Amino acid sequence: MTMQGFRSDRRKFIKVCTIAGISVFAAPSLWRRIGGARAEVPDPMNWRGSGNNPAFRMDGVAKVTGQKIFGRDFRAEDMPGWDRQQHYALILRCNRVERRFTGVDWSQVPEDCRPYARITADSLDEKRVKLPPFYGDAMLLPEGASPHYYGHAVAILLFDTFEKYNGAKQQLQFNKNVIRYGDATPPYTRDPYASWRIIRVEGPEGPSGEDLYSPLQDGLFFPNYRNRKVVWPTDADKSGDVSERGIFYAQKIRAQSQKESRAGNWHLVEGEYKTQIIDPMMMEPEAANVWFDRGEQTLHLVLTSQSPQDFQELAAHMIAESQYATDIKNIVVHSSVVGGGFGAKDHSIFPYYGLVAGLFAKAPVRLANNRFEQFQAGLKRHPFHMRNTLAVDRKSGKFQALISEMQVDGGGRQNFSASVSMVGASAIQSIYYLPRNDISAIANQSMNVDSGSMRGYGTLQTMSAMEMMVNQAAQELNMDPIDLRLRNAFQDGWRNTQGAVPRVGVRYTELLKRAQQHPMWRERADRKQSFEAENPGLLFGTGYAIATKDYGTGAASPSAAVQLDGQGRLSMAVEFMEMGTGVGTSQAMLLESILGQPAQRCDVGEIDAWHALEQFQTESPYTMSQDHQDQMSRAPLWTPVTAMASAASMSAYFQSHATHRAAEVLLEQGILPAAQRLWNSGPVERSQIEWRDGRLHFGDHEPLSLPDLAREIHRDGGISGVMVHCFNRWEWAEADFELSGNDYTWAIDGLALRRGGSADRVQASEYEVVKRKGVRYPPTALNNAMVTYYAPTAALVEVAVNPGNGEVTIHGLQNYMDCGRPIVPQLVEGQIEGGVAMGIGHALYEVLPALGEGAGNGTWNLNRYQVPLARHVPVWNQQHEILPPESEKDPHKGIAEVVMIPIVAALVEAIYQATGKRFNETPVSPETLRRALNPQIL
């Protein structure tokens, strides 16, 4: 499809995706098409450079020359083929919830700034426009109803000039009189979004043997809801059903913990731990530009979303169920650089408001949050309230049991609250082995702004609490904190709190021992004494923490395509969006070890190309039965999940798997047959060849360059491109394929091949699907494993505390990490630096009050919200150490989210070591610390 506006008679697709009778398309990445910027960098600016690592990011030149443009920056006149007139949309939102919404006082809008359209709940009802079920109901609050949460939208206003839009916004944004409120109303309530309980008791064979009870072995059970509260089953029976057995062992864990504590055998660390609401503060607030081309019956959308594939599908269903079903035949989603996400642009509700504005607008309409609006309506990090008990054997220092009860505030719309609470519950174990655990997590509805998949995904909240407990246990038992951790560090082959054995090797002991030998740790007492003597009035402390975060969802479904043109240039496409992690650079680099050189072009955020695979899905991969999976697996084009949203810690392992498989199939099925013909040799095995200096070597034969091989492939009509789809439910699916009369088995579940073709972007029309002969998907019971892939980091910090003003200065910071085999070390280092800053913000500064004082009232911006500044981050006083891989078979581990987690607990512990004050609630802000150290201050 060209960018010259979409027209059905100019379609270049042979295969298209049709959802609910609507054809859906995705345009090429805009920043590469507008203004001439491309993914490949022209000579002599060779991004690859020489040596082991690239000279700079693949998109580096575009970034520094201003050619990499964010989706927020596009206007109608920038879009070829669009109507050039730009309209604007403004959303009105409730800043109160205790009274009914009775309408809008339209007289507050200046006469010369009146909108030409006012979209209300009645407007949506008339056109039968409803949100996708994932987002709930009441997209716009109807008159007479109670607001469900602070910031609930009530109307969308459309303006035909910027002057009218801006004038109206100036008058309305902070105007408390524009929205009318009536009688007092009780709070809007509903049942909790989700409830989870993870109970495990190890068996007589110990950590690696069969459990007496665990979710993986026995299954999960769920509570009833009464008066909006969770009511867990109470019947206990060791020989009963799954819930009766679970309650039996849960009661036993609690009773044993109290009994052993009274006997003096176990020490109990008990406490309440709280984390705050945090705004993601991505660089670019959310925006959308939407044009309903009525003549062509096509809806165009420029979005800033981490999950455009999901939007594309849900939007099609949304339109198909409305009165617009007969008016819209095509949806075109224009992908763009999102300008940061941190999870807040993953399944955000915002694009659907843009879609609605576009349906009612007379021309292309732009809906864009300013920072006030992003605070008021954007997804937040879930606040957790935890009641935890950690039981430790007094003699051995071994952890004996963990009991945790978590209340998770999901805000006014569910979003990913159910998943976040589950992940947080499964993550609290961190690096430790626990022979017994009873962990519950309840995701609650509230009137706060809704929370979503913000970076950390529940693990930051729960593992920070775990580290605080471990540090407290060490102090109360008079043990060295790292020695205590070494006694309890999880080992390969042991079972986690769900009863699953991790699929990757763990190197926790190595990380702990490295920190133990660091001068900051060995000399911490002397350094404290020396610093405080040299700096009277300041207090000095050292803290340590370690964490290991899951990466994966249990339904990962990456796609990748790798292709070779007639001149030997490699190009590729991946499903993942670019969110600052450098995914295009890293995925391009992966080809070098398999195909001799990196891709010269890598298109990220690709959506449409995968239609060539012709795959379809049915039920949710998390809830489908084994019988359903077995039945559907007989269909050669079925898959549990066709596409997945982008997440920062998912690309290194999951997207790389797909890229590797596509490159390997291209090598085996395209390049090696061509090499055999050129060498005039018999069969050549993969183990017999080697790439050196971009040329393929085989024994005494003449080395072949990639251009030599490409010309032969294209001359002979060989395979020049490979597209794959993969599925992972804590194991990779495997499928059987037949090519040229030979059978092959690969860790993929979808395959399409290209013969001929160019070096331009991957196009569905150039590929032909290859139907599999058989497939083996991981059993659905593995959903109960919840997680089996982990990546750890640790942090050692020194702080100086000023008791007069509560300021904490980070004096030194050492970070340790195991990321497996880093693809591009510089990109990993960038993630470390960013993670450190985010951890500092969570631990010391960032907080949004709940309810009416919080972001939902519409008055929050950076003048009130304190993010860490350059002076708060130890730019020149931080070091990091990345563990070298143990072998070339080590996986690439996802680490973008885990780096910040140990920073939080390490800082809290360093503050305790400096001041003697222990805090179980974040952030430990300067004001909080000042009041704790000066109790006489009111």
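Residues numbered from 1 in each chain as written. Predicted model: local features only at pLDDT ≥ 70, side-chain atom pairs only at ≥ 80, totals over all residues. Heavy atoms only, no water.

S.K.: Can you walk me through the sheet that holds strand β19 (residues 539-550) in this structure?
M.R.: The strands that make up a sheet pair up through hydrogen bonds in the backbone, lying either parallel or antiparallel. Across the sheet, which stays open at both edges, the four strands sit in the order β19-β32-β33-β34 with mixed pairing between neighbours. This sheet does not close on itself; its edge strands, each paired only once, are β19 and β34 (878-882). Here the strands of the sheet are splayed against their neighbours by 15° on average, with no regard to which way each runs. The sheet contact formed by β19 and strand β32 (residues 790-801) spans twelve bridges and is antiparallel. Bridge pairing in β32 places T542 opposite E798. (Pairing = 2+ DSSP bridges. Helix = DSSP H or I, 4+ residues; strand = E, 2+ residues; numbered from the N terminus. Axes fitted to C-alpha atoms, helices over the stretch in contact; angles between N-to-C directions.)

S.K.: Looking at this model, I keep getting lost on helix α4 (residues 162-172). Mind explaining?
M.R.: Residue pairs three or four apart in sequence face the same way in an α-helix, which turns once every 3.6 residues. Turning to α4, its buried residues number three or more, namely Y165, A168, K169 and L172. The buried residues of α4 all sit within an arc of 100° when viewed along its axis, so they share a single face. Residues of α4 that are exposed and point more than 90 degrees away from the buried face comprise E163 and Q170. Looking at the packing, one finds that the buried side of α4 touches β3 (87-93), β6 (153-159), β15 (365-368) and α9 (371-377). (Buried < 20%, exposed > 50% of the residue type's maximum accessible area, 1.4 Å probe, protein only. Arc of directions from axis to C-beta. Contact = heavy atoms within 4.5 Å.)

S.K.: I tried to follow the packing of helix α21 (residues 825-845) against helix α22 (residues 900-915) on my own but got confused; where do I start?
M.R.: Helices that pack against each other are described as a pair by the angle of their axes relative to one another and the distance between those axes. Between α21 and α22, the least distance of the axes is 8 Å, while the angle of their chain directions is 45°. Taken together, the axes of α21 and α22 are oblique relative to one another. The crossing of α21 and α22 is right-handed. Side by side, α21 and α22 meet where G835, V836, M838, G839, I840, H842, A843 and L844 of the first sit next to M900, I903, V904, L907 and I911 of the second. Across the contact of α21 with α22, the residue classes break down as ten nonpolar, three polar and no charged. (Parallel < 35°, antiparallel > 145°, perpendicular 65-115°, else oblique. Left-handed = near helix turned anticlockwise from the far one by under 90°. Nonpolar A, V, L, I, M, F, W, Y, C, P; charged D, E, K, R; others polar.)

S.K.: It is not clear to me how the environment of A489 should be interpreted in this structure. Could you clarify?
M.R.: One can find A489 in the loop between α12 (481-488) and α13 (508-516). A489 gets classed as buried once you look at its relative accessible area, which sits at 3%. When the C-alpha positions of A489 and T509 are compared, they lie 6.4 Å apart, and in sequence the two are 20 residues distant. With residues near it in sequence (within four places) discarded, A489 still touches I431, W494, Y508, T509 and L512.

S.K.: Before we go on, may I ask you to explain the environment of N53 in this structure?
M.R.: Along the chain, N53 turns up in the loop between α1 (30-33) and α2 (60-64). According to the relative accessible area criterion, N53 is partly exposed, its value standing at 28%. On a C-alpha basis, the gap between N53 and L172 in space is 52 Å, while along the polypeptide they are 119 residues apart. Setting aside residues up to four positions removed in sequence, N53 forms contacts with R48, P825 and Q826.

S.K.: Help me understand the packing of aromatic side chains in this model?
M.R.: Two aromatic rings are characterised by how far apart their centres lie and by the angle between their planes. Counted under the stated rule, the structure contains 38 aromatic pairs. With a centroid separation of 5.3 Å and 65° between ring planes, the pair formed by F134 and F416 is classed as edge-to-face. On the criterion of sequence distance, the pair formed by F134 in the loop between α3 (121-126) and β6 and F416 in the loop between β17 (399-409) and α10 (417-427) is long-range, its members being 282 residues apart. Between the aromatic rings of F311 and Y352, the centroid separation amounts to 5.0 Å while the plane-to-plane angle is 50°, which identifies the pairing as tilted. One end of the pair, F311, is in helix α7 (residues 308-320); the other, Y352, is in helix α8 (residues 350-360), and 41 residues separate them in sequence. This pair shows no difference in class: F311 is buried, exactly as Y352 is. Sitting over the face of the ring of W521, R524 holds its NZ or CZ atom 3.7 Å from the ring centroid. Sitting over the face of the ring of Y912, R918 holds its NZ or CZ atom 3.7 Å from the ring centroid. (Phe/Tyr/Trp six-rings, centres within 6.5 Å; stacked < 30°, edge-to-face > 60°. Lys NZ or Arg CZ within 6 Å of the ring centre and 35° of its normal.)

S.K.: When you look at the pattern of salt bridges in this model, what are you seeing that I'm missing?
M.R.: For the coordinates displayed, the defined rule picks out 46 salt bridges. Among the salt bridges present, the one from K893 reaches D818, with a minimum N-O distance of 2.8 Å. Within this pair, whereas K893 is found in the loop between β34 and α22, its partner D818 is found in the loop between β33 (808-817) and α21, the two being separated by 75 residues in sequence. Shared partners join several salt bridges into a network, and the residues in it are R507, E510, R514, D818, E881, E886 and K893. (Salt bridge = Lys/Arg side-chain N within 4 Å of Asp/Glu carboxyl O.)

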